[in-house]
Amino acid sequence: MKDTTWSRVERLRAWLDEHSDPATAGDAKLWRVLKIGEEFGEVVEAMHGAVGANPRKGPSHTWDDVHKELCDVIVTGMVALATCTPDAEKLLDDHLRHLVARTMPS
């Protein structure tokens, strides 16, 4: 298997499948989609910290922290998509192509 972004996502998905609690394994789609919300919250926290928006805490994060958290949101979304459909790579590619065509018609 080639070492691509999607092959890495598939490896993460498979590892999660293997290491999930058997009591919640049947709900993998639900938990992985909900995880996106948790990761989004971490981006928000990092943003607040990067701009020092909380006067009680002041600057507590860097923009590098924000970037890392955004990557976590993207990867978590990709893992969730791969959990929901075996055609995740094609589905995302087709959807992105559609968004670009709709936004920038030729």
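What you are looking at is a predicted structure, and each value in this text was computed from that prediction instead of being measured.

Cut-offs used in this document
- Residues numbered from 1 in each chain as written.
- Predicted model: local features only at pLDDT ≥ 70, side-chain atom pairs only at ≥ 80, totals over all residues.
- Heavy atoms only, no water.
- Core = buried A, V, L, I, M, F, W, Y, C linked by side-chain atoms within 4.5 Å.
- Buried < 20%, exposed > 50% of the residue type's maximum accessible area, 1.4 Å probe, protein only.
- Helix = DSSP H or I, 4+ residues; strand = E, 2+ residues; numbered from the N terminus.
- Contact = heavy atoms within 4.5 Å.
- Expected span 1.5 Å × (residues − 1).
- Polar contact = N/O pair within 3.5 Å; in protein donor to acceptor, adjacent residues only side chain to side chain.
- Patch = residues over 30% accessible without salt bridge, like charges linked within 9 Å, V, L, I, M, F, W, Y side chains within 5 Å.
- Areas by Shrake-Rupley, 256 points an atom, 1.4 Å probe, with all protein chains shown as cover.
- Salt bridge = Lys/Arg side-chain N within 4 Å of Asp/Glu carboxyl O.

A. The nonpolar core, seen in detail. Residues Trp6, Val9, Met78, Val79, Ala82 and Ala88 constitute the largest nonpolar core, which totals six residues. The set of elements that each furnish at least two residues to this core consists of helix H1 (5–19) and helix H3 (63–84). In terms of residues, this core owes the most to one element, H3, which gives three residues. For Val79, the residues in contact, after removing those within four places along its chain, are Val9, Leu12, Arg13, Leu16 and Arg32.

B. Region of the structure containing H3. Taking 1.5 Å per residue as the helical rise, H3 with its 22 residues ought to reach 32 Å, and the 32 Å between its terminal C-alpha atoms agrees with that figure. Val66, Glu69, Thr76, Met78, Val79, Ala80, Ala82 and Thr83 are the residues of H3 that are buried. Residues of H3 that are buried make contact with H1, helix H2 (28–51) and helix H4 (88–103). Between the side-chain oxygen at the start of H3 and the backbone nitrogen of Asp64 there is a gap of 3.3 Å, and the oxygen is on Thr62.

C. Spatial organisation of a nonpolar patch on the surface. Taken together, Leu30, Trp31 and Leu34 make up a surface patch of nonpolar side chains, about 320 Å² in accessible area. You can see Leu30 is positioned in helix H2. Classification of Leu30 by relative accessible area gives partly exposed; the value is 45%.

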